[in-house]
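The lines below spell out each chain.
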Amino acid sequence: MKITQVDAIPFAIPYRKPLKFASGEARTADHVLVRVHTDEGLVGVAEAPPRPYTYGETQRSIVAVLESIFAPAVVGLSPLRREVVHERLDRTIGNPAAKAALDMALWDIIGQAAGRSVTELLGGWTDRMRVAHMVGFAPPEQMVAEAQRVREEHGITTFKVKVGRRPHTLDVRACRALREGLGEEVELYVDGNRGWTASESARALREMDDLGLTLAEELCPADDVLGRRWLVERSPIPFVADESATRPGEVTRELLSGAANAISIKTARTGFSTSQRVLHQCEGLGVEVVLGNQIDGQIGTVCSAAFGAAHRHTARRAGELSNFLDMSDDLLAEPVRITGGTVAVRQVPGLGIELDPDKLARYRQDT
Ligand code: MUC
Ligand code: MG
């Protein structure tokens, strides 16, 4: 079997409610649909979400790099030769979301060809993932109301709270309101997207010490090297590297330099092949992982859940799989559903991503 064509289709779907956080905000899902065709008629599908505030990619840059560099590099190869595919992709630095989508579309093809779900092929640990919901910036009472609604409607009991605003007391108040409004039994953790300095972060952690937070993610920039190390040494809870540890080399550097002691794995930036490398690296080093969300749409959520459920250590804690709830629509023929606080893996060969052609025609930006 050989790859014959790679489509990179820009599409845009508005959010009902924008997600705001310290490094930016998402108002529209202006993603790129990636479809890989083969000479045997199998088609693999994934999506690439541009996050210029995190990786520098834009919707146009993702389409351009796929069309002009990555497609010519992989057409003619067997989808099974992932090592060769990645060696060719890695001749171009950066562009993580474009590379990841291509990788996941190839796994979709491999699963379809083998008659097995991608989850089974990757590790086959379980058939569903517990879901964590991300609560963006808003006045505290709105953040509490959103979390309560998400808990009632979807059974979700783990919440990642966006922090990193100034003054830090704004976020301390919001986290306290969430703990008081939701009770002791919910899990709360925080993500600062590099918004604070090390000393602001330390102060905020001290002031939230009684809230039972479980993780602190990227509270200050990893580029503040000594400040960050100082903070991580003092943090009473595991300190997660997300945007500072986006590939295996960075993961090693951040962990060994003391800039983090837990890692967020996002299939939207490391696909399945490199996410598995990062996961095994973390297992070998004995650090916890979180299945993160790059503000994925439903296609990305199917991919992320497929990976999370495949492995013991990603399925151990709730994965961030609910950002699509804020989108006004999506491209899937069969929407993702969160029931009882979980997302089920699709029990079909490959990833089980069937597109709704009318929706694709409506939201694509290239016609
Ligand atoms: C997160 O965990 O930081 C915000 C930016 C991005 O790339 O992902 C989101 C969520
Ligand atoms: Mg993060």
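As the structure is a prediction and not an experimental result, all values here were calculated from the model.

A. Spatial organisation of the overall build of the protein. What the protein contains, in helices and strands, is 14 helices and 13 strands. Compactness check: the protein gives a C-alpha radius of gyration of 20 Å against a globular reference of 21 Å for 367 residues, within 12% of the reference. Split into buried and exposed, the 367 residues of the protein put 60% on the buried side. Expressed as a percentage of contacts within the protein between residues at least 6 apart in sequence, the contacts between residues at least 24 apart total 74%. Entry remark: accessible area of the protein is about 14300 Å², with carbon and sulfur atoms responsible for 49%. Averaged over its 44 positive side-chain charges, the protein has a centre that lies 2 Å from the centre of its 50 negative ones.

B. Structural view of the site of ligand 1. Close contacts around ligand 1 come from 15 residues, with Lys160, Lys162, Asp191, Asn193 and Lys266 the closest. Between ligand 1 and Asn193 there is a distance of 2.8 Å, counted from an oxygen atom to a side-chain nitrogen or oxygen. In this structure, an oxygen atom belonging to ligand 1 sits 3.2 Å away from a side-chain N or O atom of Glu217. Here ligand 1 has 280 Å² of accessible area as a free molecule, and 100% of this is covered by the chains.

C. Representation of the side chain of Thr301. With respect to the helices, strands and loops of the structure, Thr301 is situated in helix α12 (residues 298-310). For Thr301, the side chain forms a polar contact with the main-chain oxygen of Gly297, separated by 2.7 Å.

D. Here's a closer look at the UniProt feature "domain: Mandelate racemase/muconate lactonizing enzyme C-terminal" (unreviewed entry) in the protein. When the UniProt feature table is mapped to this numbering, "domain: Mandelate racemase/muconate lactonizing enzyme C-terminal" (unreviewed entry) covers residues 140-238. Structurally, residues 140-238 is divided into 49% helix and 12% strand, and its ends, taken at the C-alpha atoms, are 25 Å apart.

E. Structural context of the packing of helix α1 (residues 59-74) against helix α3 (residues 96-114). Interhelical geometry of α1 versus α3 gives an angle of 50° and a closest axis separation of 10 Å. Comparing the axis directions of α1 and α3 gives the class oblique. The handedness of the crossing between α1 and α3 comes out as right-handed. Contacts between α1 and α3 involve Ile62, Val65, Leu66, Phe70 and Val74 from the first element and Ala97, Ala98, Lys99 and Leu102 from the second.

F. Region of the structure containing the sheet that holds strand β2 (residues 24-38). One open sheet holds the 3 strands; their spatial order is β1-β2-β3, and the pairing between them is antiparallel. The sheet is open, and its two edges are formed by β1 (3-21) and β3 (43-48), each paired on a single side. On average, adjacent strands in this sheet sit at an angle of 20° to one another, irrespective of strand direction. Pairing geometry for β1 and β2, over 14 bridges, is antiparallel. Looking at the pairing, Asp7 lines up with Arg35 of β2. Lying over the sheet, α3 contacts β1, β2 and β3, oriented at roughly 155° with respect to β3. The sheet strands contacting α12 are β2 and β3, and the helix crosses β3 at an angle near 105°.

G. Just the environment of Ile110, in detail. Here Ile110 lies in helix α3. Those residues in contact with Ile110 that sit more than four places away from it in its chain are Pro79, Leu80, Arg82 and Leu121.

H. Expanded view of the packing of aromatic side chains. Under the counting rule described, the total for this entry stands at 3 aromatic pairs. Consider the rings of Phe272 and Phe307, whose centres lie 6.3 Å apart with planes at 0°: the pair is stacked. With a gap of 35 residues between them, Phe272 in the loop between α10 (267-270) and α11 (273-285) and Phe307 in helix α12 connect regions that are remote in the sequence. Three or more aromatic residues joined by ring pairs form one cluster here, namely Trp107, Phe272 and Phe307.

I. Structural view of the pattern of salt bridges. By the definition in use, this model includes 31 salt bridges. Asp191 is paired through a salt bridge with Lys160; the nearest N and O atoms lie 3.1 Å apart. Here Lys160 lies in strand β5 (residues 158-162) and Asp191 lies in strand β6 (residues 187-191), a separation of 31 residues in the sequence. For the pair formed by Asp191 and Lys160, the shared burial category is buried. Between Arg165 and Asp171 there is a salt bridge whose closest N-O contact spans 2.7 Å. Pair check on accessibility: Arg165 and Asp171 agree, each one buried. Look at the salt bridges and you will find they share partners, linking Lys160, Lys162, Asp191, Glu217 and Glu320 into a network.

So, how was this worked out
All chains use their own residue numbering, which begins from 1 and follows the written sequence. Just so you know, chain letters begin at A and ligand numbers begin at 1, following the order they were written in. Residues qualify for local features only when their pLDDT is at least 70, as the model is predicted, and side-chain atom pairs are given and counted only at 80 or more; totals for whole chains, interfaces and linings, by contrast, use all residues. To obtain the side-chain values, all non-hydrogen atoms of the structure were used and water was disregarded. Counting from the N terminus, the helices are DSSP H or I runs at least four residues long and the strands are E runs at least two residues long. Every radius of gyration here is taken over C-alpha atoms, with the globule rule written as 2.2 Å times N^0.38, N being the number of residues. We call a residue buried when its accessible area falls under 20% of the maximum for its residue type, exposed when it is over 50%, and partly exposed in between, using a 1.4 Å probe and counting protein chains only. Every residue pair with non-hydrogen atoms within 4.5 Å of one another is taken to be in contact. Where accessible areas are quoted, they stem from the Shrake-Rupley method and a 1.4 Å probe; at the residue level, only the protein chains shown are allowed to cover. A residue counts as positive if it is Lys or Arg and as negative if it is Asp or Glu; His and the chain ends are not included. Note on charges: their place is set at NZ of Lys, CZ of Arg, CG of Asp or CD of Glu. Nearness here has a simple test: a residue counts as near a molecule or strand if at least one of its heavy atoms is within 4 Å of that partner. Polar contacts here mean pairs of N or O atoms no more than 3.5 Å apart (in protein, one a potential hydrogen donor and the other a potential acceptor; neighbouring residues in sequence count only if both atoms are side-chain atoms). UniProt positions are given in the numbering used here, feature names are shortened, and annotations may be inferred rather than shown by experiment. To define axes, lines are fitted to C-alpha atoms, for helices over the stretch in contact only, and angles between the resulting N-to-C directions are given on a 0 to 180 degree scale. When an angle is under 35 degrees it counts as roughly parallel; over 145 it counts as roughly antiparallel; between 65 and 115 it counts as roughly perpendicular; any other value is oblique. Crossing handedness is read from the near helix: turned anticlockwise from the far helix by less than a right angle, it gives a left-handed crossing, and turned clockwise, a right-handed one. Paired strands are those between which DSSP finds at least two bridges. In this analysis, rings of Phe, Tyr and Trp, with Trp reduced to its six-membered ring, are considered paired at centre separations within 6.5 Å, and the interplanar angle assigns stacked below 30 degrees, edge-to-face beyond 60, and tilted for intermediate values. By definition, a salt bridge exists where a carboxyl oxygen of Asp or Glu is found within 4 Å of a side-chain nitrogen of Lys or Arg.

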